[in-house]
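For reference, the chains in residue letters:
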Amino acid sequence: MTVTPIASHRRILFASLVGTSVEFYDFYIYATAAALVFPALFFPATDPALAQLASYASFSVAFFARPLGGLVFGHYGDRMGRKTTLVASLMLMGISTVLIAFLPTYAMIGWVAPALLCLLRFGQGLGLGGEWGGASLLAVENAPRGWAYRYGAFPPMGAPVGFIFANGFFLLLGALLTDDQFREWGWRLPFLASAGLVGLGLWVRVKLTETPAFVEAQEAAPPPRIPVGELLREHWLPTAAGTIGTVACFALFYISTVFIIGYATRGLGYDRESFLAVELVAILFMAAGIWIASSYADRIGAARVLAIGCVATVFVGLTIGLFVTANALAGVFAWLALGLFVMGFVYGPLGGWLPSLFPARVRYTGVSVTFNIGGIIGGGLTPFIAQALAEKGGLALVGWYLAGAAALSLLGLALVRKRGAV
């Protein structure tokens with residue numbers, strides 16, 4: 001498949017990477033703030049555990065907004081094109097994130113503060129709901145033969161890139177500010193900085209043209225009037241398979257990041273900056289896992305690589321209690337590095353596998369719906385559930401929860417095992 005004459009491969013891949021990096025940066029700064037400062041600032045309670053649970057519940061709001069965003073942006077992405085939709089999703093995510101920087105806290109305006117926070121979190125979810133699927137299509141629909149999964153790795157690679165920028169920013173603030181300064185105003189700076197990153201993403205994306213696959217689909221037949229109707233009517237099996245096939249990656253990631261940050265700093269007594277630094281190094285293993293897994297997917301097939309990752313996820317889940325303990329930061333790092341490396345295997349090939357499940361005319365909708373509903377199942381309430389399980393029966397229950405998510409994804413892979421690349 002040839003690339004449009006105006007947009008080079010390099011620009012296309014950078015655009016697919018930078019957009020998702022910005023989107024995930026925005027998402028992760030909320031996740032980090034939800035674990036570290038939002039419980040006290042927006043959800044005060046006599047019991048700190050209840051405040052933490054309420055903060056994690058606000059984090060989950062975006063996951064329930066993402067399928068709606070996937071439907072809206074998928075609809076227009078399949079009818080009007082990938083480029084315009086990707087620009088709109090990035091703007092919505094960026095505006096919602098920047099506005100969080102200006103929110104008054106519960107102490108200032110009472111219950112209105114968490115209500116506004118949840119509203120803007122909903123806006124973040126809407127934007128991200130249309131982002132990941134479109135970025136994946138931008139990459140894989142321009143990929144040369146035999147390179148679909150390596151091209152498809154660039155949007156997933158935005159996850160570790162965004163995480164590094166987000167956690168690195170919080171780590172820098174922790175080094176420069178006192179705890180009081182950080183709680184009073186320092187936490188707002190990462191949200192404010194999102195404006196510059198969004199500007200960079202928009203500058204790259206407005207120069208792109210439509211993908212060859214979309215142009216060919218438009219020339220072959222009129223676009224579907226209601227893409228989601230055609231998707232559910234004619235492609236319900238790959239939709240179901242793709243949805244549950246993504247569960248493991250969400251569960252593993254949000255246990256390894258959001259839940260662990262709160263559990264380790266509050267439950268195990270680790271210093272916030274030290275733990276963020278450990279996470280920052282461990283996320284590099286996720287980037288390595290994404291590229292290795294995607295490279296192998298081009299050689300042996302995505303379904304096989306994803307299945308290997310799911311089996312490894314079971315092992316990661318069942319060993320969490322052995323490594324994540326107090327006064328053993330090296331052991332915690334070993335578990336995080338292993339878990340995030342395995343995360344690369346259940347996440348990286350999705351950038352090419354999900355688009356392979358659907359024809360081009362409903363592909364944007366199909367990828368967005370499956371990825372985002374899978375996000376609800378695998379990640380939406382995972383920090384909340386993991387926190388509740390840990391308080392009830394320790395980390396062993398959290399590990400079994402993660403193993404169950406991996407088993408569910410294996411089932412999804414089995415439903416469409418013969419699917420190939422785009």
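Rules of the game
- Residues numbered from 1 in each chain as written.
- Predicted model: local features only at pLDDT ≥ 70, side-chain atom pairs only at ≥ 80, totals over all residues.
- Heavy atoms only, no water.
- Helix = DSSP H or I, 4+ residues; strand = E, 2+ residues; numbered from the N terminus.
- Rg over C-alpha atoms; globule rule 2.2 N^0.38 Å.
- Buried < 20%, exposed > 50% of the residue type's maximum accessible area, 1.4 Å probe, protein only.
- Contact = heavy atoms within 4.5 Å.
- Areas by Shrake-Rupley, 256 points an atom, 1.4 Å probe, with all protein chains shown as cover.
- Lys, Arg positive; Asp, Glu negative; His and termini not counted.
- Charge placed at Lys NZ, Arg CZ, Asp CG, Glu CD.
- 1 Å grid on protein atoms, 1.4 Å probe; cavity = no way out; pocket = protein on both sides within 12 Å on 5 of 7 lines; lining within 4 Å.
- Points joined across faces, edges and corners; volume = space filled by probe spheres on them.
- Nonpolar A, V, L, I, M, F, W, Y, C, P; charged D, E, K, R; others polar.
- Expected span 1.5 Å × (residues − 1).
- Salt bridge = Lys/Arg side-chain N within 4 Å of Asp/Glu carboxyl O.
- pLDDT = per-residue confidence, 0-100.
- Core = buried A, V, L, I, M, F, W, Y, C linked by side-chain atoms within 4.5 Å.
- Phe/Tyr/Trp six-rings, centres within 6.5 Å; stacked < 30°, edge-to-face > 60°.
- Axes fitted to C-alpha atoms, helices over the stretch in contact; angles between N-to-C directions.
- Parallel < 35°, antiparallel > 145°, perpendicular 65-115°, else oblique.

> Before we go on, may I ask you to explain the overall build of the protein chain in this structure?
When helices and strands are tallied, the protein chain shows 22 helices and 0 strands. For the protein chain, whose C-alpha radius of gyration is 20 Å, the value lies close to the compact-globule estimate of 22 Å for 422 residues. Projecting the C-alpha coordinates of the protein chain onto the three principal axes gives extents of approximately 60 × 40 × 35 Å. Counting every position in the protein chain, which comprises 422 residues, the buried fraction comes to 60%. Long-range contacts, defined here as pairs at least 24 residues apart, represent 86% of the contacts in the protein chain between residues at least 6 apart. Of the accessible surface of the protein chain, which amounts to about 15400 Å², a share of 70% is contributed by carbon and sulfur atoms. In the protein chain, 25 positive and 19 negative side-chain charges are present, and the distance between their average locations comes to 10 Å.

> What is the right way to read the layout of surface pockets from this model?
If a probe the size of a water molecule is rolled over the atoms, the empty space left behind becomes visible. Each pocket or cavity is described by its volume, and for the second largest pocket that value is around 210 Å³. Lining the second largest pocket are Leu36, Val37, Ala40, Leu41, Asp179, Arg183, Thr265, Arg266 and Arg272. In the lining of the second largest pocket, the residues fall into 4 nonpolar, 1 polar and 4 charged.

> Looking at this structure, how should I read unusual backbone geometry?
If a residue is not glycine, its phi is most likely negative; likewise, a peptide bond is most likely trans. In this structure, Asn327 takes a positive phi of about 55° despite not being glycine. Summarising the element assignment, Asn327 is placed in the loop between α17 (320-323) and α18 (329-347).

> I keep staring at empty space enclosed by the protein and nothing clicks. Help me out?
For the structure shown, the criterion picks out 2 cavities of 30 Å³ or more. What lines the largest cavity is Phe24, Tyr28, Arg66, Ala159, Cys249, Phe250, Phe253, Tyr254, Met286, Met343, Tyr347 and Phe371. Going through the elements one at a time, α1 (9-36), α14 (247-267) and α18 are the ones with two or more residues in the lining of the largest cavity. Here the lining of the largest cavity gets 4 residues from one element, more than from any other, and that element is α14. A breakdown of the residues in the lining of the largest cavity according to their chemical character gives 11 nonpolar, no polar and 1 charged. If you add up the space inside the second largest cavity, you get close to 30 Å³. Contributing to the lining of the second largest cavity are Tyr28, Ala31, Thr32, Phe163, Phe253, Thr257, Val258 and Ile261.

> I keep staring at α1 and nothing clicks. Help me out?
With 28 residues, α1 should cover 40 Å at 1.5 Å per step; its first-to-last C-alpha distance of 40 Å lies within 8% of that length. Most of α1 sits inside the fold, with 24 of its 28 residues counted as buried.

> Teacher, can you tell me more about the pattern of salt bridges here?
Oppositely charged side chains can pair when the atoms bearing their charge come close. According to the stated counting rule, one finds 5 salt bridges in the structure shown. One salt bridge in this structure joins Arg183 and Asp180, with 2.5 Å as the shortest N-O distance. A residue pair is termed a helical-turn pair when its members lie 3 or 4 positions apart in one helix, as Arg183 and Asp180 do in helix α9 (residues 179-186) at 3 residues. Residue classification places Arg183 among the partly exposed positions, given a relative accessible area of 36%.

> Quick question: what am I supposed to make of the confidence of the model for the protein chain here?
Detailed reading of the predicted model is not advised wherever pLDDT is low. The predicted model of the protein chain averages 86 in pLDDT, with 96% of residues at 70 or higher. For the protein chain, the element scoring lowest by mean pLDDT is helix α11 (residues 212-220), at 73; helix α16 (residues 302-318) scores highest, at 96. For residues 1-7, every residue scores under 50 in pLDDT, and the model assigns this stretch 19 contacts once sequence neighbours within four places are set aside.

> Whenever I open this one, the environment of Ala139 confuses me. Can you help?
Considering the arrangement of structural elements, one finds Ala139 in helix α6 (residues 112-140). Placed 68 residues apart in sequence, Ala139 and Lys207 show a C-alpha to C-alpha distance of 15 Å. In this structure, Ala139 is in contact with Ile12, Leu13, Ser16, Tyr151, Gly152 and Pro155, ignoring residues within four places of it in sequence.

> Before we go on, may I ask you to explain the side chain of Thr239 in this structure?
Along the polypeptide, Thr239 turns up in helix α13 (residues 236-245). Among all residues touching Thr239, those that are not within four sequence positions of it are Leu231, Leu232, Phe358, Val369 and Thr370.

> When you look at the nonpolar core in this model, what are you seeing that I'm missing?
As a rule of thumb, nonpolar side chains are buried together in soluble globular proteins. If you look at the biggest cluster of nonpolar residues, it comprises 113 residues, and the most contacted ones within it are Phe38, Tyr347 and Trp353. Residues within four places of Trp353 in sequence aside, it is in contact with Tyr149, Ala241, Gly242, Gly245, Ala302, Leu306, Leu413 and Val416. Counting 5 residues, the second largest nonpolar core, distinct from the first, contains Val87, Leu90, Val198 and Leu202.

> So what exactly am I meant to see when it comes to the packing of aromatic side chains here?
Pairs of aromatic rings are described using the distance from one ring centre to the other and the angle between the two planes. In total, this model carries 21 aromatic pairs according to the counting rule given. Plain terms: the ring middles of Tyr28 and Phe163 are 5.6 Å apart, the flat faces sit at 70° to each other, and that makes the pair edge-to-face. Of this pair, Tyr28 sits in helix α1 while Phe163 is found in helix α8 (residues 154-176), placing the two residues 135 residues apart along the sequence. On the accessibility criterion, Phe163 (3% relative accessible area) is buried. Centre to centre, the rings of Phe42 and Trp187 are 5.9 Å apart; their planes meet at 85°, and the pair counts as edge-to-face. Of the two residues, Phe42 sits in helix α2 (residues 38-42) while Trp187 sits in the loop between α9 and α10 (188-205), which places them 145 residues apart along the sequence. Each member of the pair Phe42 and Trp187 is classed as buried. Chaining the aromatic ring pairs together yields one cluster made of Phe24, Tyr28, Phe163, Phe253 and Tyr254.

> What is the right way to look at the packing of helix α3 (residues 48-79) against helix α4 (residues 82-100) in this model?
Pairs of packed helices are described in terms of their axes, by the angle between the two and the distance that separates them. At their nearest, the axes of α3 and α4 sit 7 Å apart, and the two run at 155° to each other. Classified by the interaxial angle, the pair formed by α3 and α4 is roughly antiparallel. Along its contact with α3, which presents Phe73, Tyr76, Gly77 and Asp78, the element α4 presents Arg82, Thr85, Ala88, Ser89 and Leu92. Its residues placed into classes, the contact of α3 with α4 shows 4 nonpolar, 3 polar and 2 charged.

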